[in-house]
Amino acid sequence: MKTTFDKPFTQQEAIDEATIARVAEILRGGRLHRYNTLADEVSEAALLEKEYAAYQGSKYCLACSSGGYALSVALRAAGLKPGDKVLANAYTLAPVPGAIHNAGGVPVFVEIDDEWHINVSDLESKAESSGAKFLMLSHMRGHIADMESIVAICEAHNIAIVEDCAHTMGARWNGVRSGNFGKVAAFSAQTYKHINSGEGGLLTTDDPEVAARAIIMSGSYMLYGSHGAAPDESVFARVKLDTPNYSGRMDNMRAAILRGQMAQLDENVRRWNERYQVLESVLAKSVGVDVVLRRQNEEYVGSSFQFKPRLNQNGFEPLIANCANRGVDIKWFGAAEPKAFTSRYDSWRYLGEQEELPQTLGVLSRTCDIRVPLTFEPDDCRLVAEIIADECEQLAGQFQLG
Ligand SMILES: *Cc1c(COP(=O)(O)O)cnc(C)c1O
């Protein structure tokens, strides 16, 4: 009989008891809103901003309602005007093109390379040809591109980088934290990210004007003085009457939930990588699967795992069905219609006709993805990897890769 796996891929860890107690205290106190504080009280949201700025090593931090909201405010605060072009890697999640669209920007998609990073030479040529002044760089599934080259290209073309760090909170490239390469960065606290408050977002920057505009946009009612990692009053004085309120605040309960997890983040990064490395070591040995080994200058967070089965296109549906029968939930980015999280640039029809990106489509046609929840033990990951390897090898003969 074939082995099966029976843990859900969507199960996150429980919130710890101390955090539950703090949230209960906030609920009993009735002051859930970040600006509803007593005279000498600092809100949970402000404390989270202060602590996250310190963790990130950035001057300013804004806590807000979601990662997608943080991205769209980041673009606007960095100076995007309606109709401005925004370069963006074509492999990303739907909130990213949505954030560009929401801010009034027009995406110009850039190819990816075989290892899921933005393609640096296509970036260079589109930076030149498009005249775009913004790059929305998604570190998709935690794969960090060669940041020195990207920063050099963007500096040469006067392009502001907005980093989407939804999958790289806690990661580094050549010792520098992801999020500290561009003008502004956005992080998500949606339930499957590295910290989980159900929904939530964080924006970081070292630019005082960007920070002040983002804080006012998030809906500060001119109560920006109570923020935890904000620029001086003089900066707000320059921008406050020219900046709209696009309400998207974070409340004190979510902030308390996230503060509890910040203390665990580095340890959780270690736990994710322990699990990732088990998956990698088993799958890298399989003749049925291609695995991309991570580069040494990348300190990644292995909260998901990507691999390329050595099958032709007809083999993917059977593979996914066979793995599902054994309890292993694989997402495939090559299907004609998006399922759950697997949308592609050609599924964002509201953006209008896009130039075809053959390299991106080619890579995604073989890209499979699994979540690595911390409720899986390393031995669970071993079993998951063995099932995947077994099914890929079983199908290899029938669906030979051309
Ligand atoms: C989750 C995610 C976001 C932000 O998502 P929200 O659900 O709005 O918090 C942005 N980019 C990527 C790549 C993501 O996975």
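Residues numbered from 1 in each chain as written. Predicted model: local features only at pLDDT ≥ 70, side-chain atom pairs only at ≥ 80, totals over all residues. Heavy atoms only, no water.

Engineer: Break down the sheet that holds strand β14 (residues 368-371) for me, with residues and values.
Structural biologist: Spatial ordering of the open sheet is given by β10-β12-β14-β13, a layout of four strands whose pairing is antiparallel. At either end of the open sheet lies a strand with only one pairing partner, and these are β10 (289-290) and β13 (331-332). Here β10 pairs with strand β12 (residues 304-309) via two bridges, running antiparallel. Paired with D290 across the bridge in β12 is K308. Sitting on the sheet, helix α10 (residues 265-284) touches β10, β12 and β14, and the angle it makes with β12 is about 10°. (Pairing = 2+ DSSP bridges. Helix = DSSP H or I, 4+ residues; strand = E, 2+ residues; numbered from the N terminus. Contact = heavy atoms within 4.5 Å. Axes fitted to C-alpha atoms, helices over the stretch in contact; angles between N-to-C directions.)

Engineer: An account of the pattern of salt bridges is needed here, citing residue identities and associated values.
Structural biologist: Under the definition given, this model contains 29 salt bridges. R254 is paired through a salt bridge with D251; the nearest N and O atoms lie 2.5 Å apart. The closest approach of N and O atoms between R270 and E267, which form a salt bridge, is 2.8 Å. With R270 and E267 both in helix α10, this residue pair falls three residues apart, about one helical turn. Among the charged side chains, a network of salt bridges with common partners joins R22, E25, E44, E51 and R259. (Salt bridge = Lys/Arg side-chain N within 4 Å of Asp/Glu carboxyl O.)

Engineer: Run through the side chain of T19, naming residues and quoting values.
Structural biologist: With respect to the helices and strands, T19 occurs in helix α1 (residues 17-29). Taking relative accessible area as the criterion, T19 reaches 5% and is therefore assigned buried. For T19, the residues in contact, after removing those within four places along its chain, are A256, I257 and G260. (Buried < 20%, exposed > 50% of the residue type's maximum accessible area, 1.4 Å probe, protein only.)

Engineer: Which residues make up the environment of I216, and what are the values?
Structural biologist: Structurally, I216 is set in helix α7 (residues 208-217). As for I216 and E267, which are separated by 51 residues in sequence, their C-alpha atoms are 34 Å apart. Setting aside residues no more than four positions away along its own chain, I216 makes contact with Y224, F236, V239, K240, T243, P244 and N245.

Engineer: Before we move on, can you summarise the nonpolar core with the specific residues and values?
Structural biologist: One finds L135, I150 and I388 to be the most contacted residues of the largest nonpolar core, which totals 79 residues. When sequence neighbours within four positions are dropped, the list of residues in contact with I388 reads L283, F307, C323, V328, I330 and I370. The next biggest cluster of nonpolar side chains, apart from the first, holds 40 residues, and it includes Y69, V73, A77 and I215. (Core = buried A, V, L, I, M, F, W, Y, C linked by side-chain atoms within 4.5 Å.)

Engineer: Run through helix α11 (residues 316-325), naming residues and quoting values.
Structural biologist: Considered for burial, the residues of α11 that qualify are F316, L319, I320 and C323. Within α11, the buried residues cover an arc of 95° as seen down the axis, which keeps them to one side. In the segment just after α11, G327 is the residue with positive phi, at about 90°. (Arc of directions from axis to C-beta.)

Engineer: Explain the sheet that holds strand β9 (residues 201-205) to me, using residue names and the numbers behind them.
Structural biologist: Spatially, the seven strands line up as an open sheet ordered β1-β9-β8-β5-β4-β2-β3, and their pairing is mixed. Taken across any chain shown, the strands that pair with only one partner, and hence form the sheet edges, are β1 (60-64) and β3 (106-110). Along the sheet, successive strands turn relative to each other by an average axial angle of 20°, direction set aside. Where strand β5 (residues 160-164) meets strand β8 (residues 184-188), three bridges bridge the pair, whose relative direction is parallel. In the strand pairing of β8, D164 is matched with A186. Lying over the sheet, helix α5 (residues 120-130) contacts β2 (85-89), β3 and β4 (134-138), oriented at roughly 145° with respect to β3.

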